[in-house]
Each structure stands twice: as C-alpha cells, then as structure tokens.
Amino acid sequence: MATSTAWGLTIRWPDQGVSDMGYVETEHAGGTRFRLFPQLPSLTQQQEPETVWVTSPAGTVGPGPADHRMYVVDPVGKDRAYGYYPGPRGSTVHYRPPWQGPVFPQASPDADGHFDHIEPGSYQFQQAHAFGSIRFTMDIWERYFERPLGFHFRDHYDQLEIVFLRGLDNAFAGFGSIEIGSYTLKTGDLVEFGLSFDVLSHEFGHLIIYNEIGLPSTTDANGEYFGFHESAADMVALISLAHFDSAVVGLLEATSGNLYCFNRLNRFGEVSDNEQLRSASNSTTLYEFEHGWEKEHKLSEVMTGALFDIWVDVFHENLLDRGLISHALEDLSDRLEGDPNYQQVIQPLFDAAYAQNPGGFADALIASRDYMGFAMAEVWTRLSLDTLDYADVYHTFMAVDHTMTGGQYHRIIALNMERRGIGRITAGPRLAPPDEKSHAFSSRIAVPDEGHHCCGGGVPYAVRRALALGQ
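Residues numbered from 1 in each chain as written. Predicted model: local features only at pLDDT ≥ 70, side-chain atom pairs only at ≥ 80, totals over all residues. Heavy atoms only, no water.

### Examining the overall build of the protein chain
Within the protein chain, the secondary structure is distributed over 11 helices and 14 strands. The long-range fraction of contacts in the protein chain, counting pairs at least 24 apart against all pairs at least 6 apart in sequence, stands at 69%. Counting every atom, the protein chain has about 18200 Å² of accessible surface; 50% of that belongs to carbon and sulfur. (Helix = DSSP H or I, 4+ residues; strand = E, 2+ residues; numbered from the N terminus. Contact = heavy atoms within 4.5 Å. Areas by Shrake-Rupley, 256 points an atom, 1.4 Å probe, with all protein chains shown as cover.)

### Side note on the sheet that holds strand β9 (residues 171–174)
With mixed pairing, 4 strands are arranged side by side in an open sheet as β5-β8-β10-β9. Of all strands in the sheet, those bounded by a partner on one side alone are β5 (70–73) and β9. Neighbour to neighbour, the strand axes of the sheet diverge by 15 degrees on average, direction disregarded. Two strands pair when backbone bridges link them, and β9 and strand β10 (residues 177–180) are joined in this way by 4 bridges, in the antiparallel orientation. From the neighbouring strand, Ala 171 faces β10, where its bridge partner is Ile 180. Contacting β5, β8 (160–164) and β10, helix α1 (residues 123–145) crosses the sheet at an angle of about 145 degrees to β8. Contacts between helix α2 (residues 197–212) and the sheet are confined to β8, β9 and β10, with β9 contributing the most and set at about 20 degrees to the helix. (Pairing = 2+ DSSP bridges. Axes fitted to C-alpha atoms, helices over the stretch in contact; angles between N-to-C directions.)

### Digging into helix α9 (residues 390–405)
The α-helix advances 3.6 residues per turn, and as a result positions three or four apart in sequence lie on the same side. Given a rise of 1.5 Å per residue, 16 residues ought to cover 22 Å, and the 22 Å separating the end C-alpha atoms of α9 matches this to within 8%. Within α9, 12 of the 16 residues are buried, which leaves the element mostly enclosed by the surrounding structure. Along α9, the positions that sit buried rather than exposed are Tyr 390, Ala 391, Asp 392, Val 393, Tyr 394, Thr 396, Phe 397, Met 398, Val 400, Asp 401, Met 404 and Thr 405. The N-capping residue of α9, defined by a side-chain oxygen 3.2 Å from the backbone nitrogen of Ala 391, is Asp 389. (Expected span 1.5 Å × (residues − 1). Buried < 20%, exposed > 50% of the residue type's maximum accessible area, 1.4 Å probe, protein only. Polar contact = N/O pair within 3.5 Å; in protein donor to acceptor, adjacent residues only side chain to side chain.)

### Comments concerning the environment of Pro 98
As for its placement among the helices and strands, Pro 98 is situated in the loop between β7 (92–95) and α1. Counting along the chain gives 62 residues from Pro 98 to Leu 160, while the straight-line C-alpha distance between them is 9.5 Å. Not counting residues up to four positions away in its chain, the partners in contact with Pro 98 are Tyr 71, Tyr 82, Tyr 157 and Glu 161.

### Focus on the packing of aromatic side chains
All chains considered together, the criterion is met by 23 aromatic pairs. Seen from their ring centres, Tyr 144 and Phe 374 are 4.9 Å apart, and the 85 degrees between their planes marks the pair as edge-to-face. Residue Tyr 144 is found in helix α1, and its partner Phe 374 is found in helix α8 (residues 358–382); the two are separated by 230 residues along the sequence. On the basis of an interplanar angle of 10 degrees and a centroid distance of 4.8 Å, the ring pair of Phe 151 and Phe 153 is categorised as stacked. According to the relative accessible area criterion, Phe 151 is buried, its value standing at 4%. The rings of Trp 141, Tyr 144, Phe 145, Phe 374 and Trp 380 are connected pair by pair, giving a single aromatic cluster. In this structure, Arg 80 is placed above the aromatic ring of Tyr 85, and the distance from its NZ or CZ to the ring centre is 4.3 Å. We note Arg 430 situated over the ring of Phe 226; from NZ or CZ to the ring centre the distance is 4.7 Å. (Phe/Tyr/Trp six-rings, centres within 6.5 Å; stacked < 30°, edge-to-face > 60°. Lys NZ or Arg CZ within 6 Å of the ring centre and 35° of its normal.)

### Remarks on the pattern of salt bridges
Counted according to the given criterion, the structure contains 17 salt bridges. A salt bridge links Arg 420 to Asp 309; the shortest N-O distance between them is 3.0 Å. Of this pair, Arg 420 sits in the loop between α10 (410–418) and α11 (461–468) while Asp 309 is found in helix α5 (residues 296–321), placing the two residues 111 residues apart along the sequence. With a relative accessible area of 4%, Arg 420 lands in the buried category. As a salt-bridge pair, Glu 317 and Arg 411 come within 3.9 Å of each other at their nearest N and O atoms. With a gap of 94 residues between them, Glu 317 in helix α5 and Arg 411 in helix α10 connect regions that are remote in the sequence. Take Glu 317: its relative accessible area is 14%, and that puts it in the buried class. Taking the relative accessible area as the measure of exposure, Arg 411 reaches 52% and is therefore exposed. (Salt bridge = Lys/Arg side-chain N within 4 Å of Asp/Glu carboxyl O.)

Spatial relationships are all this shows, so hold off on functional conclusions.
See below:
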C-alpha cells in the first residue's frame with residue numbers, strides 16, 4: 001500500500017504504476033478486469049473500451065456479474081420500475097428488490113475470473129459494463145473517503161441490485177437498486193444507459209449522498225438541497241471519468257489543457273455527438289432562481305458550474321506552480337473567461353504550452369482531480385441535512401481547503417462561488433411539485449419504516465405526498 005499525507009489528510013490506496021504520460025494507471029494487483037467505455041460508444045470521439053481493474057479479487061466476482069457489494073440482474077418480464085404504488089382498498093404496495101423472476105443469460109467470468117473477454121454488442125457486455133462502471137466508481141470514491149462506503153438501505157439489503165429495465169426512458173438510483181433504462185434521441189435511435197459510464201457513475205453518486213447526508217422528509221426541505229444533490233452526483237461522475245487513462249490523454253490532446261472548450265470533461269450524460277443532458281461549464285447563477293425554481297437539474301447547474309470552475313482554476317494553479325504556463329497566460333485566461341473571444345485568443349497559447357510538456361500537463365490534471373475528489377468527500381462528510389444550502393457547501397469547502405492546503409485556494413473558491421450568487425442570496429421557493437425525474441425526492445428511494453413493508457402509517461411521508469401528486 002502507498003501512503004500520502006497530502007493536504008493534511010491520511011490517504012491510502014493500492015500501489016499503482018504511473019505511465020510515461022504521467023497519469024495513474026487503473027490496475028489493482030489481484031483485482032478483476034472489465035472493459036468500459038468512458039463515454040458512450042456512439043460518440044465519434046470514443047474508440048475501443050478501456051480495460052480497468054476493480055478491487056474485487058479475481059475469482060470473487062461471479063456470474064451476473066455479482067460480488068459481495070452488488071449484483072446485476074437483467075430481468076425478463078419486468079414491466080415497471082421499483083417504488084411505491086397504489087394497492088387495493090387504499091393500500092400502498094412497495095415494489096422493491098430483489099427481482100425473483102426469469103432473467104436473460106448472465107455475463108460470466110473467464111477461467112481466470114475476469115470479464116474483459118466479453119465483446120461489445122451483447123446483453124452480457126452491457127451487464128458487465130454496468131457492474132464494472134458502478135464498482136469502479138465505488139472504488140474511486142472509497143479511496144477519496146478513505147473508508148468503505150455504505151448504503152442508505154443497509155438495514156434491509158447487504159447488496160446493491162443493478163437492474164435493467166429496458167425501455168425505461170431514464171436511469172435512477174433507488175431503495176436497494178440502480179435501475180437502468182435508455183434514452184431516445186431526436187432521431188428515434190435508442191441509447192442504452194448500460195453503456196454510459198457518465199450516467200451509471202452519476203446514479204451511484206446519488207447513493208453516496210443518500211448515505212452520507214440523508215434524504216429530505218418533505219418537499220418543503222430547503223430547495224438548494226435538491227440542486228446540491230444533483231450537483232454532487234455530477235461531480236462524482238465528472239471526477240470518476242478523469243480516472244480513465246484514455247479520458248485524461250484524449251482530453252488533453254483535444255484541448256491542450258484549455259478545459260473551458262467544449263469537450264468530454266465538461267459534458268454530462270452525453271447521448272450523441274451534439275446532445276447531452278447538461279454541461280459543467282455553464283454560466284447559470286443563483287440570481288436566476290431568486291424568485292423560485294422548478295427543475296432541480298437546472299438549479300444544480302449553479303453549484304456544478306462553480307465547482308467545475310474551481311477545478312479548472314486549481315488546474316491552472318498547478319500548471320503555474322510547475323512552470324508549465326506563464327503568469328501572463330493564467331491572468332489572461334481569468335480575465336477573458338466568459339468573453340466571446342476567449343477561445344480565439346487563449347487556445348493558441350495553450351497549444352504552444354502543452355506541446356512543450358504533455359506529461360507535465362497530465363500530472364497537473366491528475367493532481368487537481370485528486371484535490372477535488374478528496375475535498376468533495378470531506379465536504380460531503382461534514383454537511384448536515386438540517387442546515388444544507390449552497391452557502392453551507394461554500395463555507396464548508398473553505399474550511400476543508402484550510403485543512404488540506406492551509407487555505408491556498410480560498411481566493412479561487414470564494415471568487416467562483418460568489419460570482420454565481422452563492423453566499424450572497426438563496427434560491428426562492430419550489431414553484432412546481434417534483435415530477436417523475438426528481439431523484440432527491442421520490443418514492444423510489446424512500447426507506448420503509450421499520451416493521452412496515454406496505455400501506456398504512458408505515459408509509460413514509462415522502463411516499464404519501466408523492467402518491468398524492470400522482471408520481
């Protein structure tokens with residue numbers, strides 16, 4: 001095991017090699033191999049799937065795939081998502097894991113216990129891809145939290161069920177499960193979310209927040225919690241994506257380190273070459289929601305945008321500290337941010353700097369990635385459901401940075417938070433009830449009261465309200 005005390009935290013992770021480019025290889029000695037697409041294979045920039053290792057020892061992941069933390073099922077005949085549904089005579093029925101019906105043929109390991117032999121194009125590859133994506137994300141974030149991650153449903157289930165519901169126009173984390181559907185493009189083509197690392201990692205991010213911070217009991221909870229929740233899941237996906245060798249190299253080769261250009265790092269849940277669910281690099285501010293909000297995904301762009309900007313600025317500071325860019329370039333990039341001429345002026349300067357030392361740029365990106373990963377894990381650990389709003393996230397981040405760096409990035413954090421209105425104003429009230437796309441307030445994720453598996457007073461308030469609203 002390698003040990004580091006960077007940023008004032010005790011960090012331990014398995015020994016890992018460093019490639020000639022300077023980025024961290026994903027191999028874990030004795031682990032299990034999977035092949036994953038960092039982003040959907042339908043994108044022209046995506047090449048072959050990348051081989052990664054998860055920490056489950058080879059030989060311990062069985063057909064499904066399945067290990068002691070999670071398992072995949074690909075049901076035959078499952079016609080609706082898990083959740084609470086109206087039952088007979090006014091009762092409420094909780095439809096929940098485990099699926100006990102028939103399943104499609106399962107992905108199975110090879111003789112050495114690995115899953116990287118399965119070729120794309122089959123249900124079995126999707127099954128292995130879904131398991132590998134979520135397990136890889138868990139490994140990444142257990143490193144950042146420096147401890148095993150639990151589930152908010154741990155009193156009911158020991159394992160997470162990863163279940164396909166083909167035809168479901170969504171993917172979402174719930175009570176005991178992550179359900180995987182698909183997305184229909186404007187062209188009518190179907191995109192399988194089982195092949196989207198972005199989406200799967202994002203959904204696991206929801207489970208991290210459910211466990212670490214909790215679930216709101218009513219829709220009257222501070223509205224910024226709901227935006228924060230989506231933003232946190234986005235950051236889990238964004239930081240996890242930067243653990244793929246091909247993503248790091250491809251990102252730098254495409255941008256020369258100018259991360260504000262339209263690229264794979266700042267686009268979430270990409271479903272085609274010109275269509276994505278949302279973007280990390282955005283100009284959304286809290287002032288737009290001062291009088292109220294409707295969609296938590298839109299509200300989340302405020303926090304995600306601020307955190308992405310902080311990441312980019314930390315990356316620039318790392319480049320500057322390593323002598324890879326000049327003070328003049330960093331200052332010009334800061335001053336022109338948001339200017340319509342930004343790309344025209346800045347890109348040639350980054351191209352020239354990157355060409356001098358590509359490996360150094362990769363090292364700086366990895367360092368900034370890990371700073372954000374350890375910082376986010378510590379921020380989420382310290383937050384409380386009772387007081388959580390965007391200002392609380394901002395001030396907690398400042399305190400965490402003081403612990404990690406002695407306050408080295410205080411100016412960067414404050415600037416990027418406050419220019420979006422965070423710490424200055426708060427979002428207004430929810431203007432419309434949550435719809436079926438809401439993740440943080442949904443009957444899907446509610447934990448049943450002890451001793452009550454359906455109906456009556458044992459149904460959580462969030463479920464009764466959701467059912468009353470027709471969700």
